[in-house]
Amino acid sequence: MRAILLLLVLVVLAATGLFAYQNQVPMTLHFANWRWEHVQMWYPVVAAAAAVLVACILYGLASGAAWRIRHMRLNRTTRDSSAQMRQLEQENLELRRQLHGDETEETPFQPSSSYR
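Residues numbered from 1 in each chain as written. Predicted model: local features only at pLDDT ≥ 70, side-chain atom pairs only at ≥ 80, totals over all residues. Heavy atoms only, no water.

### So, the packing of aromatic side chains
In this description, a pair of aromatic rings is defined by centroid distance and the angle of the planes.
Phase 1: A complete count under the given rule lists two aromatic pairs for this structure.
Phase 2: Relative to Tyr 43, the ring of Trp 42 lies with its centre 4.6 Å away and its plane at 85°, an arrangement referred to as edge-to-face.
Phase 3: You can call Trp 42 partly exposed: its relative accessible area is 24%.
Phase 4: Taking relative accessible area as the criterion, Tyr 43 reaches 44% and is therefore assigned partly exposed. (Phe/Tyr/Trp six-rings, centres within 6.5 Å; stacked < 30°, edge-to-face > 60°. Buried < 20%, exposed > 50% of the residue type's maximum accessible area, 1.4 Å probe, protein only.)

### With respect to the pairing of strand E1 (residues 26-31)
Phase 1: Strand direction decides the pairing type here: E1 and strand E2 (residues 34-40), joined by five bridges, are antiparallel. The residue of E2 that forms the bridge with Phe 31 is Trp 34. (Pairing = 2+ DSSP bridges. Helix = DSSP H or I, 4+ residues; strand = E, 2+ residues; numbered from the N terminus.)

### Structural notes on helix H2 (residues 42-100)
Phase 1: Under the 1.5 Å per step criterion, the end-to-end length of H2 is 86 Å for 59 residues, consistent within 8% with the ideal 87 Å.
Phase 2: Among the residues of H2, Ala 49, Leu 53, Cys 56, Gly 60, Gly 64 and Leu 93 are the ones counted as buried.
Phase 3: Turning to H2, the residues buried within the fold contact helix H1 (2-22). (Expected span 1.5 Å × (residues − 1). Contact = heavy atoms within 4.5 Å.)

Printed below as a string of structure tokens:
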């Protein structure tokens, strides 16, 4: 996803540069109550492209951060579940020893093939 976003940014930069190179004509720019004279035609295009690029970069950073947070949460949940399973295995072994005496051998829990 980041590679596509980077490619999009490069395409927009190239297209904006080409437009700026080919349109170096001064003009009068009107926006709301403001008026600017002798502004190069490509200034507003570059400003708009810069706003879009900043939005794309922020989106890329935010999506990467969201993925990292989700990944860290999943790792933490997996670690907690593994620790709980080890604890339950130990408790199960202790209960077997109490029930059957010390003849029970220590075999770790092996899930059946239906759990995989």
